[in-house]
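What follows is each chain in one-letter form.
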Amino acid sequence: MKKPSVKEQVKTILHQQRGSYYSGQELAEQIGVSRTAVWKAINCLRQEGYEICGSTKIGYAMSLDTDLLEVDEICRQLPKQVQDFYQIKCFETIDSTNEEAKRQSKEFLGEGLCLVSMEQTAGKGRRGRTFYSPSHTGLYLSILLRPDMKVEEAVFITTAAAVAGAKACETVNPQCGKNSIGIKWVNDLYLNQKKICGILTEGALSLEAGKLEYAIMGIGFNLSPPKEGWPQEIESIAGSLFEKEYPSGTRNKLVSSFLMEFYEIYKQLPQVAYLEEYKRRQLAIGKDILIQEADGKTYKAHAYDVNEKCQLMVQYEGQTELQSLSTGEISIRLNN
Ligand code: BTN
């Protein structure tokens, strides 16, 4: 395995003892390099946005709030059986965890590859949109799955992830309250009427088998508001799990909670044991909604229920029959 760079080693040491000061000499001795190399590494880390206090005189300490992703820490919080299902890889930055999972699907022939990043430079949303994925305030995760499923059943993966995501968010921030996270059919999580999380499931079809060759479930969480504010396009809908800064360790805890909840549900599919919870958290049921089709046409309707196929049961304005909507290219807007 490639030896970690001096910068990586300095970061690991300081992060393991956040808040404690290390002199340049101590770091240099521990890593086996010169003090100048340590000093350069510290400067690089600061440029990348890490809050490292101190100087050559008093030594260096990483801020207590620093919240890095660590595979060992995530695994430590998972039961053995769940640990064995996933192969977790963490990134500081990546174009898109979904795209990377797609690339890695060529070599990774099993399922459970889980890629987690602190930032995405080309995060993908539904319907060809981008997903705003800044560093420091979010968490972006994809899982490569190989379920024995027909394409139309892939919606179960998205809805399973929505329930798992909602439960994990409430575990990580108990202050938001039990059942406070709602799901907007089919793939968005809301807290206090703001979107805090989005899910994008992509797949490849095996034409011979007429089934999914693989599916990639990607989920992105807004943990806290970005320091520079939300981009204008999403300002009115975007929110975050925490109102301000989130406690250190949040990212690792959210990953492990989500992976555990998702595993429990995924292992039972195609049995949709989580359907009741999905419905209970459903924000659309009982509301007037606006249905938007891929070509931009919109229709008014009333949402009544979600059926066992996770389709939304609606009545279009002016009609008497109930219709079932599949996710595909349709999206809905809630009329509050
Ligand atoms: C949406 O709200 O439209 C769906 C957003 C899905 C974002 C996640 S973040 C992890 C994964 N990687 C991506 O590029 N997109 C998904």
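Coordinates for the structure precede this section.
These numbers come from a predicted model, not from an experiment. (Residues numbered from 1 in each chain as written. Predicted model: local features only at pLDDT ≥ 70, side-chain atom pairs only at ≥ 80, totals over all residues. Heavy atoms only, no water.)

Student: Could you clarify how one ought to interpret the overall build of the protein chain in this entry?
Tutor: Within the protein chain one finds nine helices and 14 strands. For a compact globule of 336 residues, the expected C-alpha radius of gyration is about 20 Å, and the protein chain comes in at 22 Å, within 12% of that figure. Per-residue burial over the protein chain gives 49% buried out of 336 residues. In the protein chain, 63% of the contacts between residues at least 6 apart in sequence involve partners at least 24 apart. When the accessible surface of the protein chain is summed, it comes to about 17,000 Å², and 48% of that surface belongs to carbon and sulfur atoms. (Helix = DSSP H or I, 4+ residues; strand = E, 2+ residues; numbered from the N terminus. Rg over C-alpha atoms; globule rule 2.2 N^0.38 Å. Buried < 20%, exposed > 50% of the residue type's maximum accessible area, 1.4 Å probe, protein only. Contact = heavy atoms within 4.5 Å. Areas by Shrake-Rupley, 256 points an atom, 1.4 Å probe, with all protein chains shown as cover.)

Student: What exactly am I supposed to notice about the packing of aromatic side chains here?
Tutor: The description of an aromatic ring pair rests on the distance of the ring centres and on the angle between the ring planes. For the coordinates displayed, the defined rule picks out 10 aromatic pairs. Judged by centre distance (6.1 Å) and plane angle (45°), the ring pair of Phe242 and Tyr246 falls under tilted. On the accessibility criterion, Phe242 (8% relative accessible area) is buried. Using a relative accessible area of 10% as the deciding quantity, one classes Tyr246 as buried. Consider the rings of Tyr299 and Tyr316, whose centres lie 5.8 Å apart with planes at 80°: the pair is edge-to-face. With Tyr299 in strand S11 (residues 298–306) and Tyr316 in strand S12 (residues 312–316), the pair connects residues that are 17 residues apart, well separated along the chain. Relative accessible area serves as the criterion here: at 32%, Tyr299 is assigned to the partly exposed category. Note on Tyr316: relative accessible area 13%, which makes it buried. (Phe/Tyr/Trp six-rings, centres within 6.5 Å; stacked < 30°, edge-to-face > 60°.)

Student: What am I meant to see in the layout of surface pockets here?
Tutor: Which parts of space are left empty comes out when a probe the size of a water molecule is rolled across the atoms. Considered as a void within the structure, the second largest pocket measures approximately 710 Å³ in volume. As for the second largest pocket, its lining consists of 18 residues, and the residues nearest its centre are Glu8, Thr12, Leu69, Glu70 and Val71. Residues that form the lining of the second largest pocket fall into these classes: eight nonpolar, three polar and seven charged. (1 Å grid on protein atoms, 1.4 Å probe; cavity = no way out; pocket = protein on both sides within 12 Å on 5 of 7 lines; lining within 4 Å. Points joined across faces, edges and corners; volume = space filled by probe spheres on them. Nonpolar A, V, L, I, M, F, W, Y, C, P; charged D, E, K, R; others polar.)

Student: What should I look at first to understand the nonpolar core in this one?
Tutor: Nonpolar side chains in soluble globular proteins generally cluster together in the buried interior. One finds Phe258, Leu259 and Phe262 to be the most contacted residues of the largest nonpolar core, which totals 88 residues. If one sorts the elements of this core by residue count, helix H7 (residues 155–172) sits on top with 12 residues. Contacts of Phe262, omitting those with residues within four sequence positions, involve Tyr86, Ile143, Leu145, Ile157, Ala160, Ala161 and Ala164. Core analysis: the second largest hydrophobic core is formed by eight residues, Ala101, Leu113, Leu144 and Ala204 among them. (Core = buried A, V, L, I, M, F, W, Y, C linked by side-chain atoms within 4.5 Å.)

Student: Would you mind going over unusual backbone geometry with me for this structure?
Tutor: A cis amide bond links Trp185 with the next residue in sequence, Val186, at an omega value of 5°. Position of Val186 among the secondary structure elements: in the loop between strand S6 (182–184) and strand S7 (188–191). Note the cis peptide between Leu269 and Pro270, where omega equals 5°. For Pro270, the position within the fold is in the loop between helix H8 (250–266) and helix H9 (275–280).

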